[in-house]
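Listed here are the chains, written in short residue letters.
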Amino acid sequence: MATITGKDIQEMVRHWLDTPVGGYLGSDYGQDIKSLLQLAQSDGAPEAFLQKMRADIPALQALPDGSLNLYGVQSAPDRLDLFVEVAGQAIQVPGV
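The shown structure was predicted, so the numbers you read here are calculated from the model rather than taken from an experiment. (Residues numbered from 1 in each chain as written. Predicted model: local features only at pLDDT ≥ 70, side-chain atom pairs only at ≥ 80, totals over all residues. Heavy atoms only, no water.)

**Concerning helix H3 (residues 45-56)**
No. 1: With 12 residues, H3 should reach 16 Å at 1.5 Å per residue; the first-to-last C-alpha distance of 17 Å fits that figure.
No. 2: Of the residues making up H3, those classed as buried are Ala-45, Phe-49, Leu-50, Met-53 and Asp-56. The arc that holds every buried residue of H3, seen down its axis, measures 140°, which confines them to one face.
No. 3: On the buried face of H3, the contacting elements are helix H1 (6-18), helix H2 (33-37), strand S1 (68-75) and strand S2 (79-86). (Helix = DSSP H or I, 4+ residues; strand = E, 2+ residues; numbered from the N terminus. Expected span 1.5 Å × (residues − 1). Buried < 20%, exposed > 50% of the residue type's maximum accessible area, 1.4 Å probe, protein only. Arc of directions from axis to C-beta. Contact = heavy atoms within 4.5 Å.)

Dropping the structure here:
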């Protein structure tokens with residue numbers, strides 16, 4: 001019986017973050033991080049981003065509430081680095 005480890009889930013999230021929506025023919029799997037940055041954060045855009053991630057990566061549905069988070073860290077004069085936290089492990093969102 002195969003076991004999915006925390007490292008496996010992190011790799012699944014990294015793959016999802018590296019895949020644009022429509023990257024697989026006939027599938028909406030993947031993310032559109034640039035559109036997230038154009039929406040008001042108070043409108044629930046970050047939660048919608050995380051919900052799509054959970055829908056695209058079924059293994060995330062097994063994690064307890066609060067173990068999947070999205071946050072930003074200000075850097076340089078006008079830069080915002082985004083991170084997805086999966087069960088306490090931060091993964092930087094590429095291409096932002």
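**Some words on the pattern of salt bridges**
No. 1: Scanning the entire structure with this criterion turns up 4 salt bridges.
No. 2: The closest approach of N and O atoms between Glu-11 and Arg-14, which form a salt bridge, is 3.2 Å. Of the two residues, Glu-11 and Arg-14 are both situated in helix H1; the distance of 3 residues between them amounts to about one turn of the helix.
No. 3: On the accessibility criterion, Glu-11 (40% relative accessible area) is partly exposed.
No. 4: Between Asp-56 and Lys-52 there is a salt bridge whose closest N-O contact spans 2.6 Å. Taken together, the positions of Asp-56 and Lys-52, both in helix H3 and 4 residues apart, correspond to about one turn of that helix.
No. 5: Look at Asp-56 and you get buried, because its relative accessible area is 17%.
No. 6: Assessed through its relative accessible area of 24%, Lys-52 is described here as partly exposed. (Salt bridge = Lys/Arg side-chain N within 4 Å of Asp/Glu carboxyl O.)

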